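# Analysis of the macromolecular model
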Amino acid sequence: MACRGWCSPYLTGCLSLSDKRGISEVTVEQIEAAQKLFQVGTVQNLYNLVMRQSEDVLEYCQRANIGFIPWFPLAAGSMTQPGSPLDALAKEKHTTPSGIALAWILKRSPIMLPIPGTSQLKHLEENIAATNIELSDEEFQQLNELGQREWQRHQIDKSQYMKDLEK
């Protein structure tokens with residue numbers, strides 16, 4: 001019998017079109033279109049404390065119980081600078097600004113599946129430790145508002161945001 005889905009020599013079988021799939025950098029309309037062909041299991045879009053262009057996608061995923069994988073989840077731009085509110089909260093909680101950004105991501109939604117990439121053991125340990133950071137509702141809301149203001153103030157596109165972060 002011929003495979004009618006996606007085959008791999010590393011799998012013991014074939015993934016048919018009825019299996020869940022992950023899709024990336026999509027809109028709500030694109031998720032809905034994809035769901036006519038297969039069940040969407042996860043969506044991976046750029047999303048973090050500052051980059052909020054996928055809020056509607058995240059909300060849709062929550063309602064549809066679709067996992068949301070934010071790529072570049074630790075980025076917070078100028079909010080991570082020394083003396084910033086994010087930096088102050090990090091010092092208060094004995095962590096890093098990236099740890100606070102990851103704690104915010106994790107508290108943001110129960111369907112959030114961040115994958116903060118790193119090649120350094122120290123950063124991996126910091127990322128794992130961030131799962132134990134507890135933000136109060138007030139701290140979460142304060143960070144949420146700061147991130148939204150930063151996003152609205154700049155209204156920057158993804159390519160410019162990535163260039164700014166590389167500086």
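Above this note sits the structure.
Note that the structure is predicted; figures quoted are calculated from it, not measured.

## Some details on the nonpolar core
- Core analysis: the biggest nonpolar cluster contains 39 residues, and Ile31, Val43 and Phe68 have the highest contact counts within it.
- For this core, the elements supplying multiple residues, two or more each, are helix 1 (28-34), strand 4 (40-46), helix 2 (55-64), helix 3 (85-92), helix 4 (97-108) and helix 6 (137-154).
- With 5 residues, the single largest contributor to this core is helix 4.

## Some points on helix 2
- Buried residues of helix 2: Glu55, Val57, Leu58, Tyr60 and Cys61, and no others.
- Contacts made by the buried residues of helix 2 are with helix 1, strand 4, strand 5 (67-71) and helix 4.
- One or two residues past the end of helix 2 sits Asn65, with phi positive at roughly 55°.

## Observations regarding the side chain of Asp87
- Mapping Asp87 onto the fold places it in helix 3.
- Within the structure, Asp87 has its side chain in polar contact with the backbone nitrogen of Gly83 (distance 2.9 Å).

The rules behind these values
Residues numbered from 1 in each chain as written. Predicted model: local features only at pLDDT ≥ 70, side-chain atom pairs only at ≥ 80, totals over all residues. Heavy atoms only, no water. Core = buried A, V, L, I, M, F, W, Y, C linked by side-chain atoms within 4.5 Å. Buried < 20%, exposed > 50% of the residue type's maximum accessible area, 1.4 Å probe, protein only. Helix = DSSP H or I, 4+ residues; strand = E, 2+ residues; numbered from the N terminus. Contact = heavy atoms within 4.5 Å. Polar contact = N/O pair within 3.5 Å; in protein donor to acceptor, adjacent residues only side chain to side chain.

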